[in-house]
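# Geometric and topological summary
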Amino acid sequence: MGPLPVPMQSISSLDALSYLAPSRIRAFVCPAGPISRARFVEFVAQLQSTAVIRLGDVTPDPRPERVVFSPQGFPSGILVYNFTTTIDQHHTFLEDLELFRRTMAVFGLVDYKNLSDISEIDGIIPQLQAQTPQAIIHKVILFDCLLDASELPSSDYICLPPRHASRITSVRTVICDLTSALLAELPLLAQAYQTSDNIASPLARDDDYDSVMLTSSSSPHRSSSPYNSSGNLSSQYNRDKDKPLSYPLSHHTERQRMRRKGRSMKMIANMYLLAGRTTDALKEYVEALNVLKGVNDHLWHAACLEGIGMCIIMLAFLEIPFNVPSVVLPPMPNFEKKDQPEPPHLLDLIPQMSNTVLSLYNRSQNFPGESVPQLTYVETILRTVNLLTCTCLAGGWTSTARAAIVLSKPIPYVPLKHSQVYALKMGILEWISSAQAVRLDSVDAVDASKILTGIAASCGKLGFYRKRGFVLRQLITELIPRIVQARVIASNIRAQTPEMNYEDDPVELKDSGLKADLPNSGILLLLNDICEIYGAAIQATNDISTFGWHEIKTSILKMCIELCKVLPDHVGTVRYIALLFRTASADLSIDEQLSLNRTMRNAYSRALSLGFQDFEEQYWDPYLVRDIGIVDSSLWAVPIMVDVDKKANDDGRGPFIYNPFAKKDTEDQKRHLFVQDEPVEFRVILQNPFAYELDIKSMALVGEGASFSSDVVSVLVPPRKIQSISIYLTPTSAGEFSITGCVVQVYGCKEATLSITPKHANVAPSIRAKRYGLDARTKSQVSIPYSEDTKITVNVAPPLPILRVNRISLPQNSLMLLEGERKSFFVALGNVSDQISATSLKVEFTDSTTTSLTTALQQNSRSEADRYEIEIFLKQREVFKCINELEGVEIIPNGEIQLEIEVLGKRGLTAGSINISYSHIDRDSETEPSKMYVRTLSVDLNFTVNASVEVAGCDFVPFSFNMPMITTDDGEITTTPLLVKFLDSIGLPFNKMDDYCLMLLDLRNSWPKPLKVEVTTAVPKDASQVVSGFIQSGHVTRLLIPVKRICDIDSNAPIPSLMPPKQFTRQSVVSTSELLTKNGAWSSEVERAVFWYREELLKSLQGSWCEDRQDSNIISAHSGSIELRALRITPQMVDIIRVEDIIVDISIAASEGARKIGLKNWVVEPDTFLTLVTTISSNSSKTIDTSGILRLQPTIRNLSPALSLDVSRRIIFNGILQQPVAGLSATAKKIIETTFIVLSRGEYEFVASFEELSEAGFGKRFIGREKLVITCI
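Residues numbered from 1 in each chain as written. Predicted model: local features only at pLDDT ≥ 70, side-chain atom pairs only at ≥ 80, totals over all residues. Heavy atoms only, no water.

Within the chain one finds 26 helices and 49 strands. Expressed as a percentage of its 1273 residues, the buried residues of the chain come to 48%. Within the chain, counting contacts between residues at least 6 apart in sequence, those at least 24 apart form 75% of the total. For the chain, the accessible surface area stands at approximately 62200 Å², while carbon and sulfur atoms represent 51% of it. (Helix = DSSP H or I, 4+ residues; strand = E, 2+ residues; numbered from the N terminus. Buried < 20%, exposed > 50% of the residue type's maximum accessible area, 1.4 Å probe, protein only. Contact = heavy atoms within 4.5 Å. Areas by Shrake-Rupley, 256 points an atom, 1.4 Å probe, with all protein chains shown as cover.)

In C-alpha cells:
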C-alpha cells in the first residue's frame, strides 16, 4: 500500500526566514498506510515537539568509516529538524549552494490501529525511495505499536508505543535513533561531493567562461547533486564510498582546482552545520572562505561568510566560548598593543557581515553563470532583518532574542521607550527597503509570496502596519496575474494532450478524501489581515468602519475577490463579496452587483459541495427589516382588559368596550393584546436596495419575554423593491413579550438577528474623521444605534372563548324596511373553543344614523329645542333591540345560542352592526377576579329604508269661533246637523266642544302602494279617539283629529337635555331664541312655551300605518308607526290648543232687551239697560292668590283701529272699564258685572283682559279667548 497523497499545507511551526533556518535538516513526513487526517496531524505534532535534538543524547554509529559526523565530536551541539509535509521541487537547483533546501530524511507515519496485518506495510520503503530519491534515509514510524523489533519487516521500521504504555521520552528516543542513522549516512554524501568534479553554481550554463568544470546540461537550473536521475548514487560515489575524504586532483588549471576545493570544503562545512557540529563547521567555513576568496569566487565566498555568521550565532546561543575569525572582522587601524580596541559586538558584527555578503552577491552579477539567484539574495536580507527584529523586540542581545533566532520561540512583550528602539527600527527599515528594491520578475509565484510575506511579517512585528499593508497589497498584485497565467497554461496543456491523466492537477480542486480545511486558515488569514489594515474588515453586523479611504477599501476588497476567484478559494470569494457589498454597495454599478451576486452564489454552492461548513458571512444590509406591524385578525377579535370592579357606568352599562361614555383604550392597547394558543399575523416590511433578487431562505420573528413560536418563511424580494410578508406567531404562555426583530438567513449568508430599523437610522459620517496613532482602526468602529422604541411589546391573555356567527336569518345580511316599520331576525352564535365557555354576554348596536345625528348635535348654532329633538332620535329612537334576556347566559364549549334582534326602519339607516361582547369568568371560583378580558364579535348588516307615511303639515282650528247655534224645542242649544254629524263621528259631544280643538293633519304616502293610516288621541285614556283613512300612493290626505286643549303646564321650564353633561354642555350653546328676538322673531319665553305644548301634544297622539291586508298579492304586509315628531307648531297654534291659567270670559246677562244668537253673539235693542258679565276663573295649580286689573275694551266692528275705539258717544257704561281684582285663588272664579246702554245701532265687539300684578310691577296679561259680538238693531 502506497503513501497517501501529500497534503498541500506544511505543518512546520519554525520560521522559514530565521537567521538560523539554513542550519536545520529538512525532514519530509508523509502519511503511509490507512490513516486519518486528524491522526496524521497528531503524529506530526509529536515529532515537532522533539525537533531539537542534543547531540550528547544521540548514539554514535560504531562503524569507523561513518564517524566523520559523529555526535561525540561536539556533544554540546544541537541538531534541529525542519519537519515538513511538502516536497520542494522548485528549488532543487539551489541545493548545492544551500544544502538546507535538500530533503535529507523521509519519515512515513503509520497508524498501527488501522492495520489489519503487518504485511500491509511491506512495500512502503521502496515507494518512499522512489518518491524522494534525494533523501539519504527512508524510515517508517508505526505509532501506537507494541510489536517487538524482531516482528517488524526490517530495521527501517520503528515502533512507537502509545502514550499510556510508554515513557515521556519515547518519542525523543526514537528521533535520536533516527538522527544516529542520519549522521551515519552523511559521510557518504560528503564523500560523493568531494569526489565530484562538477559542483556548479545554481545559474551555471554550458557557455560560461569556466564551463569545463560545470555540468554539461542545457537547463540553467539543473542540480549538481551526486545523485543521478535514476535516484542512485553516481558510479564515482559507488566506487569510492569506502575511501577516506580527500580532495582529488584533475587536469584542470590550478585556479579551477582551488575553486572546486573551496566549494567542496564549503559543502562539508554545510554538512557539519546541519549535523550540529558548529565548531567544526566554523573551522571549515573559514578555510573554505580563504580558498574561495583567493580565486574570486564571489558567490560561494558570500555563502561561506553567511555560514560563519550562522555558526557565531549558534555558538552564542549555546554559550560556548569562541573566537571570532579574523577574516570576518573589519579592517583595524594600526595601534600599539596596549591600545588594541576590543572586537565589535555581535549585534554590530552580523549586520556588517551581511553587508559584505550582499556586496559579494552584487559582484557575482558580473559573471552570468556565477550570479546569485534573486531568491538567495532576498532571503539573505530577510534573515538579517529577522535577526535584528528579534533583537529589537527582546530589548537587546538577550537569551530571549537568541532563542527566538535559533529556535523561533515567541518573544514576550518587553516595554521599551521610543528613544531606545527608534534608531534600531530605522536601521531595520533600511534593510526592509533594500529587500523591496529587488525585482521579482524571474521569481515564481511561491517564492514571490514567501519574500513578500516575510517582509510583511517583519513590518508587522516592528509596528509598521501601513507598510505591512502596502506589502501585502503588493503580494496580491503579484499573485493574481501569475495564477491566471498558470491556469491558462494548464488549460492549454490539457487541451493539447487530452489522453493524459490529470488527477493530480493542482489547478483544479479535487476532493482528496480528507476533510475540508478550516475557512479561517491559509490565504484567508492573509487577506483578512490586509482588509483589517485598510479598515475593510468589520466584525459585527451593526458596525461600520470610518477608518481609511473608501476608494482604497473598495479596491482592496475587489483584489481579494479576484485572488480568491483565480485560486480558486470559494470560501474567500463568499467572504469578500459580502464585505464588498457591505462596504461599498452604493458605489457598485448594476452590472457589478449582478456579477458579484452571481459569483457569490456559484462559489457558495461549490464550497458546500466540497464539504465546507460554517463559513457563511453575515448579511451586509443591517436595515433589511424596515418595520414590523401587527395585522388585525379577520378570524377573531382582539380582547380588551377591563376592571371587573367598574361594573356600571353612568348609563348603567357593564364593563364592555361599547360604552361611549367610558374611558376608552387607545388603538395600540387594543391591538397589542394577544391570546394564548391563538396565532397572530405580523406584517414584516423588507427592503432590497440592490440590483439583484434577494433570496431569503428562512425568516422568523424573534423577541424576549413570554414564550412563543413563530412560523419560518422564505421569500424572494425583487430588485430595488420594498416588500411586505406575513409571518404568523403563536403565544404559548400568558404574560408579556417583546418583538425585537427577525432571525434572517439570506442565501450565502449566516443566520443573523436583525432588529427593526429605527426611523432616523443614519450613521454614515459626512466627512472622514482623521485620527492619529495605532489605535485609529479600533476607534473608527461606529455602531448603528437601535432605540428601544423599535420594540413591539404585547401582553398575552390566558385562553379565551371564541364566538362565531354560525348562521343569520337575513339573506346576505341585508334587510329592506319602510320608515317606522319594525322587523325581527335571528342570529345563531357558536363557541368554537374546545375548553373555554363564553360568559357575561352583552349585546350593543351601532348604526349609520348615529354619526349624522352626533355631528348635528355638536353644532353650536342649533337652538335648544332642535338639540332636544336630535337627542330624542339619538337616544329614544334606537334602531336595534335585543329581545333575549342575556343575564346569566353561558355558551358552553362547542355550544350554540340564538339571539332575536328587532330592527326599526329609521330615516338615514343604511348600515348597522351588532357588537356582541363576551368573556370568561370562572363562576365556581371563590374569589372574584379584579380584571377580565372582554372580546367583541361584530356582525355587519346592510339596510334599505324606504319612505312610507310622512307628515306634510298641520294646523289647529278652535271649535267655538263663529260656531252656528240652534235652540231645540226642548230648550237645548245645538248646532247645524252637518256639524252634529261630524262631532258624532269623532265622539265629541257638543256641550264639551269648547274643551277641544280640531287638528288638521296632512299625511303623504311615499310608498308605491296604498296605505291605511290611523291616528289615536290618547288623552283622556278612557276616551281615546281614533281617526283613520286610506292614502293612495303619492297622495296627501287630511285627517281631522279632535285634540283636547292643554292646561296647567309649566311653559317657563328650561328645555331639558337627554345627553350626559360630560359629553355635551349647554353652556357652550348660543341661544337661538335670543338671536331671533333681536330680529323680531320668537322670544325665549315663546320658544319654551311652543316646546312644552308640543311635547304635551305629542304625548296624546299616536300614529300607525299598514298595507291593505286584503290584497292577495301581498305575501307579508308592511306595517309601522308614523313619526309624528315631524309636527311643527307656531305660537298662534299654541294659543288655540292651550288653556290659559286665568280665563277671562264675557257675556250678557239674560234680559228682555237681549237675545243670544250664538255662543258669543247677541242681538240687543238700543236704549236698553244691559248687564255685561265678566267671569275671571283660575285654572292654575298655584297656591298663591292672584291679583290684577281687569280691563274691558269695547270697539266698533269692521272699522279701522283708529276709528273703532271711538265708542264714547255710542255706548254709555255705568262705572269704569278698568278695575282691580284681588284674592283670586286656585280654581276659583270671580264675576264682575258692568251695566251699559247702547245708544246707536251697529255692531260692537267687547274684549276683556286680565293683567297680573307683582312686586316688580305688571306681570303676565291674559286676554279673553273669544270676543263678544253685539248687534244693536
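What follows deals with the pairing of strand β16 (residues 735-746). For β16, a buried count of 10 out of 12 residues is recorded, marking the element as mostly surrounded by other parts of the structure. Both strand β12 (residues 694-705) and β16 contribute to a ladder of nine bridges, which runs antiparallel. Counterpart to A700 in the pairing with β16 is V743. Strand direction decides the pairing type here: β16 and strand β19 (residues 792-797), joined by five bridges, are antiparallel. Its bridge partner lying in β19, S738 is registered against T793. Here β16 pairs with strand β17 (residues 752-755) via four bridges, running antiparallel. Across the sheet, the residue bridging to V744 is A752, located in β17. Between β16 and β17, which follow one another and run antiparallel, lie five residues, and G748 among them has a positive phi close to 90°. (Pairing = 2+ DSSP bridges.)

What follows deals with the packing of aromatic side chains. If you walk through the whole model with that rule in mind, you get 24 aromatic pairs. With a centroid separation of 5.0 Å and an interplanar angle of 85°, the aromatic rings of Y868 and F1091 are classed as edge-to-face. A residue pair is termed long-range when its members are at least 10 positions apart, and Y868 in helix α21 (residues 864-875) and F1091 in helix α24 (residues 1084-1099) qualify at 223 residues. For the pair shown, Y868 and F1091 are each scored as buried. By the ring-pair criterion, three or more aromatic residues cluster together here, those being F581, Y619, W620, F690 and Y692. Residue placement shows R877 over the ring face of F873; its charged tip is 5.9 Å from the ring centre. The ring of Y996 carries K1044 above its face, with NZ or CZ at 5.3 Å from the centroid. (Phe/Tyr/Trp six-rings, centres within 6.5 Å; stacked < 30°, edge-to-face > 60°. Lys NZ or Arg CZ within 6 Å of the ring centre and 35° of its normal.)

This next bit is on the pattern of salt bridges. According to the stated counting rule, one finds 45 salt bridges in the structure shown. Close ionic contact of K823 with E821 constitutes a salt bridge, the shortest N to O distance being 3.9 Å. Under the relative-accessibility criterion, K823 is labelled partly exposed at 25%. Counted as one network, the salt bridges with shared partners bring together E98, R101, E306, E379, R383 and K450. (Salt bridge = Lys/Arg side-chain N within 4 Å of Asp/Glu carboxyl O.)

Counting residues in each nonpolar core, the largest one holds 199 residues, and the members touching the most others are Y81, Y576, I628, V684, L686 and I696. If one sorts the elements of this core by residue count, helix α7 (residues 298-318) sits on top with 15 residues. By size, the runner-up hydrophobic cluster in this structure holds 34 residues, among which are V949, V1015, I1031 and L1097. (Core = buried A, V, L, I, M, F, W, Y, C linked by side-chain atoms within 4.5 Å.)

Let us look at the sheet that holds strand β37 (residues 1119-1121). Across the sheet, which stays open at both edges, the four strands sit in the order β33-β32-β36-β37 with antiparallel pairing between neighbours. The sheet is open, and its two borders are formed by β33 (1025-1031) and β37, each paired with just one other strand. On average, each strand axis in the sheet is inclined to that of its neighbour by 15°, with strand direction left out of account. Sheet topology note: the strand β36 (residues 1101-1107)/β37 ladder contains three bridges and is antiparallel. Residue S1104 lies in a different strand from β37, and its bridge partner there is S1121. (Axes fitted to C-alpha atoms, helices over the stretch in contact; angles between N-to-C directions.)

Moving on: the packing of helix α8 (residues 346-364) against helix α9 (residues 374-393). Two elements in contact, α8 and α9, have axes separated by 10 Å at closest approach and are oriented at 170°. As the angle between them shows, α8 and α9 are arranged roughly antiparallel. In this structure, α8 contributes L347, I350, P351, S354, V357, L358, Y361 and N362 to the contact, and α9 contributes T376, Y377, T380, I381, T384, L387, L388 and T391. Partitioning the contact of α8 with α9 into residue classes produces 10 nonpolar, six polar and no charged. (Parallel < 35°, antiparallel > 145°, perpendicular 65-115°, else oblique. Nonpolar A, V, L, I, M, F, W, Y, C, P; charged D, E, K, R; others polar.)

Quick look at unusual backbone geometry now. Leave glycine aside and you will find that most residues have negative phi; peptide bonds, for their part, are mostly trans. P568 follows L567 through a cis peptide bond whose omega is -5°. By the element assignment, P568 lies in the loop between α15 (550-566) and α16 (570-584). In the Ramachandran plot, D144 falls in the positive-phi region, its phi being about 60° despite a non-glycine side chain. On the secondary structure map, D144 appears in the loop between β5 (137-143) and β6 (157-160). Taking the relative accessible area as the measure of exposure, D144 reaches 16% and is therefore buried. Even without glycine at this site, D677 takes up a positive phi of about 65°. Position of D677 relative to the elements: it lies in the loop between β10 (673-675) and β11 (680-688). On the accessibility criterion, D677 (48% relative accessible area) is partly exposed.

Before going further, it helps to spend a moment on the confidence of the model for the chain. Averaged over all residues, the pLDDT of the chain is 81; the fraction at 70 or higher stands at 81%. Segment residues 1-12 is flagged for pLDDT under 50; beyond a separation of four residues in sequence, or across chains, it makes 40 contacts in the model. In this model, residues 500-518 is a region of pLDDT below 50 whose contacts with residues beyond four sequence positions or in other chains number 23 contacts. (pLDDT = per-residue confidence, 0-100.)

In sheet architecture, strand pairing relies on hydrogen bonds along the backbone and comes in two forms, parallel and antiparallel. In spatial order, the strands read β8-β11-β15-β13; together these four strands make up an open sheet with antiparallel pairing. Only two strands of the sheet have a single partner each, and these edge strands are β8 (625-630) and β13 (708-710). Adjacent strand axes in the sheet meet at a mean angle of 30° when their direction is disregarded. Of the strand pairs in this sheet, β8 and β11 are connected by five bridges, and their pairing is antiparallel. Bridging from a neighbouring strand, V625 pairs with L686 of β11.

Attention now moves to helix α20 (residues 849-857). Within α20 the residues assigned to the buried category are T849, L853, T854, A856 and L857. Buried residues of α20, seen end-on, are gathered within an arc of 160° and therefore sit on one face of the element. The secondary structure elements touched by the buried residues of α20 are β23 (839-847) and α21. (Arc of directions from axis to C-beta.)

Position of C176 among the secondary structure elements: in helix α3 (residues 170-195). Setting aside chain neighbours within four positions, we find C176 in contact with I53, D57 and V58.

Quick look at the packing of α7 against α8 now. Orientation of α7 relative to α8, taken along the N-to-C sense of each, is 165°, at an axis distance of 8 Å. Taken as axis vectors, α7 and α8 run roughly antiparallel relative to one another. Of the two possible hands of crossing, α7 and α8 adopt the one that is left-handed. Contacts from H298, L299, H301, A302, A303, L305, E306, I308, G309, I312, I313 and A316 in α7 reach L346, L349, I350, M353, T356, V357, L360, Y361, R363 and S364 in α8. Its residues assigned to classes, the contact of α7 with α8 shows 15 nonpolar, five polar and two charged. (Left-handed = near helix turned anticlockwise from the far one by under 90°.)

Turning our eyes to something else, we now look at α15. Compared with an ideal rise of 1.5 Å per residue, which puts 17 residues at 24 Å, α15 spans 25 Å between its outermost C-alpha atoms and is within 8% of the ideal. Buried residues of α15: K553, T554, I556, L557, M559, C560, I561, L563, C564 and V566, and no others. (Expected span 1.5 Å × (residues − 1).)

Bringing the environment of S710 into the picture now. Tracing the backbone shows S710 in strand β13. For the pair S710 and L729, spaced 19 residues apart in sequence, the C-alpha separation works out to 4.4 Å. Discounting residues that sit within four places of it in the chain, S710 has contacts with A700, L701, I727, Y728 and L729. Within the structure, S710 has its side chain in polar contact with the backbone nitrogen of L701 (distance 3.0 Å). (Polar contact = N/O pair within 3.5 Å; in protein donor to acceptor, adjacent residues only side chain to side chain.)

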